[in-house]
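These are the residues of each chain, in order.
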Amino acid sequence: MTLLDDALPRFDVHEVHDTWVSAPPDAVWAAVMQVTPLEIRLLVPLMALRVAPGLLARGRRPAIHLRAPVLDGFLGNGFLVLAERKGEELVVGAAGRFWQIRGAEGVRRLRSPDAFASFDEPASARTAMNFTLRPETGGTRVRTETRIVGTDADGTRAFRRYWRAIALGSSAIRVSWLNAIRRRAERR
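Residue indices begin from 1 for each chain and proceed along its sequence in written order. Given that the model is predicted, a residue must reach a pLDDT of at least 70 before its local features are reported, and side-chain atom pairs must reach 80 or more before they are shown or counted; all residues, however, enter totals for whole chains, interfaces and linings. For the side-chain quantities, the full set of heavy atoms in the structure was used; hydrogens and water were omitted.

Caption draft 1: Region of interest: the side chain of T19. As for its position among the elements, T19 is in strand β1 (residues 13-21). Any pair of residues with heavy atoms lying within 4.5 Å of one another is described as a contacting pair. Look past the residues within four positions of T19 in its chain and what remains in contact with it is T140, R141, V142, L178 and R182. The helix and strand labels rest on DSSP assignments: H or I over at least four residues marks a helix, E over at least two residues marks a strand, and numbering proceeds from the N terminus.

So this is what it looks like as structure tokens:
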């Protein structure tokens, strides 16, 4: 059982990626917490594609902090920490209509894990993502899983349509993120 299992036990869509890092768990944990968007090679170009329609529709540039930890950016844009076991697992989550052209504006600002668990706005979804670390001989296995569940049939259908468009990019970002964590941890 993981903390993610407690936060979002049922899901409609999920993806899992992992990598082995030649570094101790404390170095890997620090890397998870400190890696920046600039270190995640595919994040910036793929996110630019994601926000472009909203920029054209609204004429505003979103605030992107390329040198700040990427998790801080998530937390500043509607995600919240749902659970944490320091050095072992971190779970973050958000709720809303992620598929809307306005992107981050579709994310609802929830104040607590309980608000996340009880979120049931029609035609919406909840997402939770974790990073887990497990010591292995000579290093650490770091794994990330992302889960999404619709609040109702309309939310599930809307998210699945969106997922068909972004699944490959989402997967590429997760793999690139793990590679950035590995590079940072192994430099220490």
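Caption draft 2: Broad picture of the nonpolar core. Judged by nonpolar contacts, the single largest core of 33 residues is most densely connected at V28, F131, V142, W177 and I181. Going through the elements one at a time, β1, α2 (25-34), α4 (70-76), β3 (89-96), β5 (125-136), β6 (139-150) and α6 (153-187) are the ones with two or more residues in this core. Of all the elements, α6 adds the most residues to this core, at nine residues. Once residues within four sequence positions are removed from consideration, W177 is found in contact with V35, I40, V70, L71, F74, M129 and F131. For this analysis, a nonpolar core means a set of buried residues of the types Ala, Val, Leu, Ile, Met, Phe, Trp, Tyr and Cys, connected via side-chain atoms within 4.5 Å. Relative accessibility decides the category of a residue: with a 1.4 Å probe and only protein chains considered, values under 20% of the type maximum give buried, values over 50% give exposed, and everything between is partly exposed. Ranked by size, the runner-up nonpolar core spans 14 residues in total, among them L8, L80, A83 and V91.

Caption draft 3: Region of interest: the pairing of β3. Most of β3 is tucked away: eight of the eight residues are buried. Of the two faces of β3, the one lined by E89, V91, G93 and A95 and the one lined by L90, V92, A94 and G96 are each fully buried. Each pair of strands is called paired provided DSSP finds at least two bridges between the two strands. Pairing analysis gives five bridges linking strand β2 (residues 80-85) to β3, with the strands arranged antiparallel. In the strand pairing of β3, R85 is matched with E89. Counted between consecutive antiparallel strands, the loop separating β2 from β3 contains three residues, among which G87 sits at a positive phi close to 80 degrees. Sheet topology places β3 next to β5; eight bridges connect them, and they run antiparallel. In the sheet register, G93 faces β5, and the bridge partner there is A128. Here β3 runs beside strand β4 (residues 107-108); their pairing, made up of two bridges, is antiparallel. Bridging across to β4, A95 finds its partner in R108.

Caption draft 4: The confidence of the model for the protein chain, seen in detail. Residue-level confidence of the predictor, termed pLDDT, takes values from 0 up to 100. Here the protein chain averages 89 in pLDDT, while 86% of its residues score no lower than 70. A low-confidence stretch, residues 52-56 stays under pLDDT 50, and its non-local contacts, those more than four residues away or across chains, total six contacts.

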